[in-house]
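What follows is each chain in one-letter form.
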Amino acid sequence: MLLAYPFRVLVPRRAASEAVTSTAVTLLLLAGAFDLVPTPVVIALAVGAGATVAGVRLSRLAGRPATGPPPRAAGVLLDAAVVTAGLTAVVLPLTALGPSFAVLVGSLLVAALSVSGLRRLPGRTRPSPGVRLRRLVESSGPAVGLALTGWLLLPQDALPDPARLVAALALGGLGMAALDAFAGPRRRSGAAVCRGGVLLTLGGLVLLAALVSAPAGRAALLAVPPMVFGMLLVAVGAEAAADAGDAGSAPPVAAAWPRAVLPAAMLLLAAGLHLAAGRAPDRTSVVLALAAVPSLMVCELLRAGEASTTERRAAHRRRAGGAVRHRAAHPRWVGGSEPPPASPSRVVDPDAPTTASAVGAAWQPGAAWSTLDRRPVPAGGGAGDRAALLDALAAIGDVPAPTGALLLVDLHGTDSVGPTAREDVLAEAVHRARAVIAPDDLVTGCTGAGFAVVTAAGPVLAYALGTRLLTALSPPYSLPGVVLRVQTSIGLAEVSGAGPADVLRQAELARRRAVQLGRDRVEWYDAFLEEQLVRRLDLERELPGAVARGELDLVYQPVLDLADGQPVGAEALLRWRSPVLGTVLPAELLPVAEDLDLIGELEWWVLDRACRQLSNWSVGVRELWMAVNVTTRELTTPDFVQRAAAVLAAYGVPPERLVVEVSEPRVAADLSTVVARLAGLRSLGVRTALDDFRAEHASLAQLRRLPIDLLKVGPELVGARPDGQPPLIDVVVNVGERLGVEIVAEELESPTQVEGARRGGCRYGQGFALARPATAERVEAYFEEFPSASR
């Protein structure tokens, strides 16, 4: 079928059409600049080409199944917007109305459609009114500067002064908004790219309306680049937002220099050209220049207010605290006795599952210290309380150019001993820490099984101190009757003008990150950690009930026989189509589901829907197998085999058409139970597969014990190794042949990798270079392109 989803890919095509369009537009602009092609024709052809390419990409987004979330509606509206922009340029040579009026009407339609589409796009952030107001104030000054730039550069004889002023103000506002999108804190997200593309397109339309009637007709060519590249960015950004849900795509902070430098540089250039042409500043130029002053004054007043508030808080801390340095030099118990124990319901256990909801309260700036276990170490160990820690941070932050750092140290592995032994371990750890820190550094209590270090050293030296602490704390601890080994996680945050509570929260975030990444490491705070926490909280809030609300979806990626290119099966891939968070992929979804104990519900839903789809395909599609992924946690449940048999029987699916995949790195934890469950599945006739296989000695030894039919390997085993040795796929294929296991090369993204897998002896292949994941309907249409295959 010619209209079937085009899975087969000969060359990487993701940016091919955009590159060809950009080259063609550049050539057209050169032809128009040298009067080889009339200007209206250049505009029509160039903008029409950009609108066509962007429209095709957006139409794919608009053509997603009706069961999908907002991306479909966003695709329809944004597709209509770029088509309208293209038609506006194409009809310019044909319109009987004034060209500027035609462009104005088209611009209004494009703006209305674009705003509606952007509001329905996944990943769109919703800042609070206060944040929006602050951004508006901060952007108004540069926006006025860009408007002044437009006023100086727009031809005086192209438009009457009022229309010229309106165009300049519109260009200033759109230009600054585009800068905010491309340089903001989420500038790499699909939604931000799409929004920036819309603003560029509208800016190009404003330029076109202003310049199309200019005596020097070629000036209108300046409107082509922002229109064309804006439309392409709209399509690319919308697709990225819909496909990835913008998960984890944002950089940590906004890029400050484009907002500060670009408007000023453009204004200086425009003023220089204006004066070089022998023209004096007019009244409008002076008014626009003065209009930037109020916003600058408001920004400075806001900053002064914040600085005053910070200073008052610091003064209060200085009056309340007093003798921080004395405490550092003469450690003792604050208050002279043990502080009261924390409420058991509010204690954060460093060894507990790291769900964001379990620790979110402890990370709030105003949270009480009782959210952390403050169990002290013995007298003489140098521990204090939260007051000592905050006072030390405040003392460092009060100097004119503060430098310093907070290190939160957490010890893991003390749960197997009693409370007295845990205190002995903590006391020994503090003693070891004092051997490597500076005399003026403060050591104080902070968590149930750890302590904090406040140092005046800069960030690099503080990180080096963290690594020395890891080394000092790693040797075993000798206790009566036992030798205890512990792991250490250290979170580091700089003291660079932030308030003490903020520094403490940042260090805690970094410490939790060190725990999540495997412990025995130092993690440095960055703002992206907070974005990850917010994202995690959103996921944990929305995921419960997603199955009942019908928000889960499956896409299917065909698996091909590398010898003849015929499809042999498909893998069911889970997608969470959240109306709030957009499309969430398994890599982000499954860890949250495991922590919330929802993984079983999700995986049985996947197995049920995959078998139901397999039974539907049995009617008109060749006999193919369907692969589903299960975690070892679910596979090792006692009734897994019986429940899988019940699902197969419910849909009348032959067992040999189901493939159950389990990830190789996770089977070692309970290998004997995994072997028993896989053997039970094979006794039913279900085929089994080992996913994410690594060609290591332990993996190869483990492979001999596992009753599997298929072995899935990644592209890293297919290519040549840096040391010049043959690809590891040769070893894997040889082992597979001896064990009677067929090899599937997955994640193949280029023809070179496909050819390497075929040459290496892999039986089957899977990846974007062969077939992309798609809905059941499109995959079925793709399968029907192979009539010679047996059914």
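Data block above holds the structure.
Just so it is clear, the structure is predicted and the values come from calculations on it, not from any experiment.

### Brief notes about the overall build of the protein
Broken down by element type, the protein carries 26 helices and 16 strands. The buried share of the protein, reckoned over its 791 residues, is 49%. Once local pairs closer than 6 in sequence are excluded, the contacts in the protein between residues at least 24 apart make up 75%. For the protein, the accessible surface area stands at approximately 35500 Å², while carbon and sulfur atoms represent 62% of it.

### Comments concerning the sheet that holds strand S1 (residues 405-412)
Taken in spatial order, the five strands of this open sheet run S2-S3-S1-S6-S7, and their pairing is mixed. Each having just a single partner strand, strand S2 (442-445) and strand S7 (521-524) make up the two edges of the open sheet. Neighbouring strand axes in the sheet, compared pairwise and without regard to direction, differ in orientation by 20 degrees on average. Bridge count for S2 against strand S3 (residues 450-455) is four bridges, and the pairing is antiparallel. Bridge pairing links Val443 to Val453 in S3. On the sheet, helix H14 (residues 419-434) packs against S1, S2 and S3 and is oriented at approximately 20 degrees with respect to S3.

### Quick look at the pairing of strand S9 (residues 567-578)
S9 sits mainly inside the fold: 12 of its 12 residues count as buried. Pairing geometry for strand S8 (residues 552-561) and S9, over nine bridges, is antiparallel. Following the sheet pairing, Leu554 is matched in S9 by Leu574. Between S8 and S9, which pair antiparallel one after the other, the connecting turn spans five residues, and Gly565 there sits at a positive phi close to 75 degrees. Bridge count for S9 against strand S11 (residues 625-629) is three bridges, and the pairing is parallel. Bridging across to S11, Gly569 finds its partner in Trp625. Relative to strand S10 (residues 582-584), S9 runs antiparallel, the two sharing three bridges.

### Describing the side chain of Glu551
By secondary structure assignment, the location of Glu551 is in the loop between helix H17 (527-542) and S8. Looking at Glu551, the relative accessible area reads 9%, which means it is buried. Polar side-chain contacts of Glu551 include one of 2.7 Å to the side chain of Arg549. Leave out the neighbours within four places in its chain, and Glu551 touches Ala546, Arg575, Trp576, Arg577, Ser578 and Pro579.

### Notes on the packing of helix H21 (residues 640-651) against helix H22 (residues 671-684)
Where H21 contacts H22, the axes come no closer than 9 Å and their chain directions differ by 30 degrees. Overall, the two elements H21 and H22 adopt an arrangement that is roughly parallel. Our pair here, H21 against H22, has a crossing hand that is right-handed. On H22, the residues that touch Phe640, Val641, Ala644 and Ala645 of H21 are Arg677, Gly680, Leu681 and Leu684.

### Focus on the packing of aromatic side chains
Under the defined criterion, the tally for this structure stands at seven aromatic pairs. Judged by centre distance (5.5 Å) and plane angle (85 degrees), the rings of Trp617 and Phe783 are edge-to-face. Placement of the pair is Trp617 in helix H19 (residues 599-620) and Phe783 in helix H26 (residues 776-783), with a sequence separation of 166 residues. The burial state of Trp617 is the same as that of Phe783; both residues are buried. Three or more aromatic residues link up through ring pairs in this structure, and these residues are Tyr556, Trp617, Tyr782, Phe783 and Phe786. Cation over ring: Arg164 sits above Trp151, and NZ or CZ is 3.7 Å from the ring centre.

### Considerations on H22
With 14 residues, H22 should cover 20 Å at 1.5 Å per step; its first-to-last C-alpha distance of 20 Å lies within 8% of that length. The complete set of buried residues in H22 reads Leu671, Thr673, Val674, Val675, Arg677, Leu678, Gly680 and Leu681. One or two positions beyond H22, positive phi appears at Gly685, with a value near 105 degrees.

Analysis parameters
Residues numbered from 1 in each chain as written. Predicted model: local features only at pLDDT ≥ 70, side-chain atom pairs only at ≥ 80, totals over all residues. Heavy atoms only, no water. Helix = DSSP H or I, 4+ residues; strand = E, 2+ residues; numbered from the N terminus. Buried < 20%, exposed > 50% of the residue type's maximum accessible area, 1.4 Å probe, protein only. Contact = heavy atoms within 4.5 Å. Areas by Shrake-Rupley, 256 points an atom, 1.4 Å probe, with all protein chains shown as cover. Pairing = 2+ DSSP bridges. Axes fitted to C-alpha atoms, helices over the stretch in contact; angles between N-to-C directions. Polar contact = N/O pair within 3.5 Å; in protein donor to acceptor, adjacent residues only side chain to side chain. Parallel < 35°, antiparallel > 145°, perpendicular 65-115°, else oblique. Left-handed = near helix turned anticlockwise from the far one by under 90°. Phe/Tyr/Trp six-rings, centres within 6.5 Å; stacked < 30°, edge-to-face > 60°. Lys NZ or Arg CZ within 6 Å of the ring centre and 35° of its normal. Expected span 1.5 Å × (residues − 1).

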